[in-house]
Amino acid sequence: MWFLLGLLGIAVAAGVSDTFIRGAAEDAVDDPDPAAPGDDPGGDATGEGELIDAAGEEPGGTEPPPDDPLPEDPLPETPMPGEPAPADDPAASALPAPEDDTLALVDPAGTAPAVQVDPAPAAPGGEEPADGTITDSEYPPELPANRYLEGTDGDDNLAVEAGSDTVLGGGGNDWVEGMGGRDSLDGGAGSDTLDGGTGNDTLTGGDDADWLLGASGDDILDGGSGADWLTGGSGADTLNGGEGDDTLEGGFDDDALDGGEGRDLLMGGDGNDRLEGGNDRGEADTLNGGAGADTLHLGGNDLAHGGEGADTFLLDGWIDADNPAVVADFEPGIDHLTIGWDGQGPEPEVTTLYDAEAGGLRILIDGQPLALLQGVTAIGPTDIALVPIHSG
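- Under an unreviewed UniProt entry, the chain has the name Peptidylprolyl isomerase and belongs to Pararhodobacter aggregans.
- Note on the chain: under the UniProt heading Subcellular location (unreviewed entry), the record states "Secreted".

## Re the overall build of the chain
Here is step 1: In terms of regular secondary structure, the chain is built from one helix and 29 strands.
Here is step 2: In the chain, which comprises 392 residues, the proportion classed as buried is 28%.
Here is step 3: Of the contacts formed within the chain by residues at least 6 apart in sequence, a portion of 16% connects residues at least 24 apart.

## Description of unusual backbone geometry
Here is step 1: At Met179, a position not held by glycine, the phi torsion is positive, near 60°.
Here is step 2: Counting through the fold element by element, Met179 comes out in the loop between strand E8 (175-177) and strand E9 (184-186).
Here is step 3: Backbone geometry at Asp253 places phi at a positive 70°, although glycine is not the residue there.
Here is step 4: Tracing the sequence through the fold places Asp253 in the loop between strand E16 (247-249) and strand E17 (256-258).
Here is step 5: The partly exposed category is assigned to Asp253, whose relative accessible area is 37%.

## Observations regarding the packing of aromatic side chains
Here is step 1: Following the criterion strictly, the structure yields one aromatic pair and no others.
Here is step 2: Relative to Phe330, the ring of Phe313 lies with its centre 6.1 Å away and its plane at 50°, an arrangement referred to as tilted. A residue pair is termed long-range when its members are at least 10 positions apart, and Phe313 in strand E23 (residues 312-316) and Phe330 in the loop between strand E24 (325-327) and strand E25 (336-341) qualify at 17 residues. This pair shows no difference in class: Phe313 is buried, exactly as Phe330 is.

## Focus: the environment of Gly244
Here is step 1: Checked against the element boundaries, Gly244 lands in the loop between strand E15 (238-240) and E16.
Here is step 2: A relative accessible area of 25% means that Gly244 is categorised as partly exposed.
Here is step 3: Sequence separation between Gly244 and Ser225 is 19 residues; the distance between their C-alpha atoms is 5.8 Å.
Here is step 4: If we skip the residues at most four places from it in the chain, Gly244 touches Gly226, Glu261, Gly262 and Asp264.

## A closer look at a negative patch on the surface
Here is step 1: A cluster of like negative charges, contributed by Asp218, Asp253, Asp254, Asp270 and Glu308, occupies part of the molecular surface.
Here is step 2: For Glu308, a relative accessible area of 60% puts it in the exposed group.

## Some points on the sheet that holds strand E29 (residues 384-388)
Here is step 1: An order of E5-E7-E9-E11-E13-E15-E17-E19-E21-E23-E25-E29 is seen for the 12 strands of this open sheet, with the pairing classed as parallel. With partners counted over all chains shown, the strands left at the sheet margins are strand E5 (148-150) and E29, one partner each. Strand after strand, the sheet turns through a mean of 10° between neighbouring axes, direction not considered.
Here is step 2: Where strand E21 (residues 295-298) lies against E23, four bridges are found, and the strand directions are parallel. Following the sheet pairing, Leu296 is matched in E23 by Phe313.

## Points about the confidence of the model for the chain
Here is step 1: Of the residues in the chain, 61% reach a pLDDT of 70 or more, and the chain-wide mean stands at 76.
Here is step 2: Across residues 90-141 the pLDDT falls below 50, and counting only partners more than four positions away or on other chains, this stretch makes 38 contacts in the model.

## Here's the deal with the pattern of salt bridges
Here is step 1: Applying the stated criterion across every chain yields a total of three salt bridges.
Here is step 2: Between Arg147 and Asp165 there is a salt bridge, with the nearest N and O atoms lying 4.0 Å from each other. Within this pair, whereas Arg147 is found in the loop between strand E4 (115-117) and E5, its partner Asp165 is found in the loop between strand E6 (157-159) and strand E7 (166-168), the two being separated by 18 residues in sequence.
Here is step 3: For Arg147, a relative accessible area of 24% gives the class partly exposed.
Here is step 4: Since its relative accessible area comes to 1%, Asp165 is described here as buried.
Here is step 5: Linking Asp355 and Arg362 is a salt bridge whose minimum nitrogen-to-oxygen distance equals 2.8 Å.

## Digging into the environment of Ser216
Here is step 1: Looking at the element boundaries, Ser216 is found in the loop between strand E12 (211-213) and strand E13 (220-222).
Here is step 2: For Ser216, a relative accessible area of 25% puts it in the partly exposed group.
Here is step 3: For Ser216 and Asp237, which are 21 residues apart along the polypeptide, the C-alpha to C-alpha distance reads 9.3 Å.

## Remarks on the nonpolar core
Here is step 1: Formed by 34 residues in total, the largest nonpolar core has its most connected members in Leu298, Phe313, Leu315, Phe330, Leu337, Ile363 and Leu373.
Here is step 2: Counting residues per element, the ones that place at least two in this core are E21, E23, E24, E25, strand E27 (360-365) and strand E28 (368-374).
Here is step 3: Both of domain 1 (131-253) and domain 2 (285-391) provide at least three residues apiece to this core.
Here is step 4: For Phe330, the contacting residues outside a window of four places in its chain are Phe313, Asp335, His336, Leu337, Leu373, Val376, Ile379 and Asp383.

## Looking at the pairing of E28
Here is step 1: Here E24 pairs with E28 via three bridges, running parallel. Counterpart to Val327 in the pairing with E28 is Leu373.
Here is step 2: As paired elements, E27 and E28 share six bridges and run antiparallel to each other. For Arg362, the partnering residue across the bridge sits in E28 and is Leu372.
Here is step 3: Linking E27 to E28, which pair antiparallel, is a turn of two residues; within it Asp366 sits at a positive phi near 50°.

How each quantity is defined
Counting restarts for each chain, with residues numbered from 1 along the sequence as it is written. In keeping with the predicted nature of the model, local features appear solely for residues at pLDDT of at least 70, side-chain atom pairs appear and are counted solely at 80 or more, and the whole-chain, interface and lining totals rest on all residues. Computation of side-chain values: all heavy atoms of the structure, hydrogens and water removed. UniProt positions are given in the numbering used here, feature names are shortened, and annotations may be inferred rather than shown by experiment. Each helix is a run of H or I in the DSSP string that is no shorter than four residues. Each strand is a run of E no shorter than two, and both are numbered from the N terminus. The buried label applies to any residue whose accessible area, calculated with a 1.4 Å probe on protein chains only, is under 20% of its type's maximum; exposed applies above 50%, and partly exposed to all values in between. It only takes one pair of heavy atoms within 4.5 Å for two residues to be counted as in contact. Centres within 6.5 Å are what make two rings of Phe, Tyr or Trp a pair, Trp counting through its six-membered ring; a difference in plane orientation under 30 degrees is then read as stacked, over 60 as edge-to-face, and the rest as tilted. What goes into a patch is any residue over 30% in relative accessible area without a salt bridge, connected to like charges within 9 Å or, for nonpolar side chains (Val, Leu, Ile, Met, Phe, Trp, Tyr), within 5 Å. Surface accessibility follows the Shrake-Rupley procedure with a 1.4 Å probe radius. Residue values consider only the protein chains on display as shielding. Whenever a carboxyl oxygen of Asp or Glu lies within 4 Å of a side-chain nitrogen of Lys or Arg, that contact is scored as a salt bridge. His residues and chain termini do not enter the charge count, which takes Lys and Arg as positive and Asp and Glu as negative. Just so you know, the charge point we use is NZ for Lys, CZ for Arg, CG for Asp and CD for Glu. Strand pairing is defined by DSSP finding a minimum of two bridges between the two strands. Here, axes are lines fitted to C-alpha atoms. For helices the fit covers the stretch in contact, and angles between N-to-C directions go from 0 to 180 degrees. Known as pLDDT, the predictor's per-residue confidence is scaled from 0 to 100. The definition of a nonpolar core used throughout is a set of buried Ala, Val, Leu, Ile, Met, Phe, Trp, Tyr and Cys residues joined through side-chain atoms within 4.5 Å. Note that the domain bounds were set by an automatic or database domain assignment.

Encoded structure:
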């Protein structure tokens, strides 16, 4: 185009000729000095200019002057990407056609080196992505799905993300968070805080007074020694208080709580929970079943509240007569009382006795006090059962 404009500028400046270009008949340009009717079109007209046809021929059939040619196509075609340039195109030698499907990005001014981009870079392992994504860097390395993290002897703050991770807090008062995945968290020595996050996790408090939160998932929480606080959260959780005076909260769903040794507080929460307070044989535990059909196992000196729902209270026949268990909210016709015995020898005799001074019904086994049902004056034969327990 610059070549054409240059030629037109030269023609106007030099006044070579007063040439008019005529297109097709329907697009004819009015002749500024038309020839009279009957004049020879090929001869001289009254005007001083010449009339040239757009096709390059004079009306008389003669060729246009050789010193002022007009190109047949004033706008050269630009080839589309991937098409070869015309042979006479001066840019053809500057842009060689690539032999493969690599895209060549060239600076038109020639000031920057060419940059080549592969339209389908190879993925790790030699495979090529099917979507033809263009990238300008290597693929980032993938982090391991399962991690092992160990703290120090000081107070650590440790957290891992998704994956089945193992975290050891070590010494000190640590904060350990599992987040997603099936994690194993161990606080070690010190008063630690463990949060399992989502997934089915295993949390171990270790020594000293720890706080363990299972959060969501079917979790296993073990407080270890010390006065620990265990909270299951949502999911069917298993909570073991261990040694010390512990507090256990089942939370939602059907949980299993075992206070272990010490004077423990067990709270089942929602769901059909099982609460174990009888394994310490004499230390006073408090069991609250909460909503649902719960099973509460009482030992000597234990106090039980079944809560809403049809609950079952388990009593061991060998409870010390001086330390009977107490059931605070037994409802005859709804709740059940089950007494276990060792199954050796003759079956023991179970009797009841109302104690006005104690304000409840006493349960006796072979004449020895076993439990007190507060606020109850009598129970029916279907409310109580004697069940042999065979060891081994």
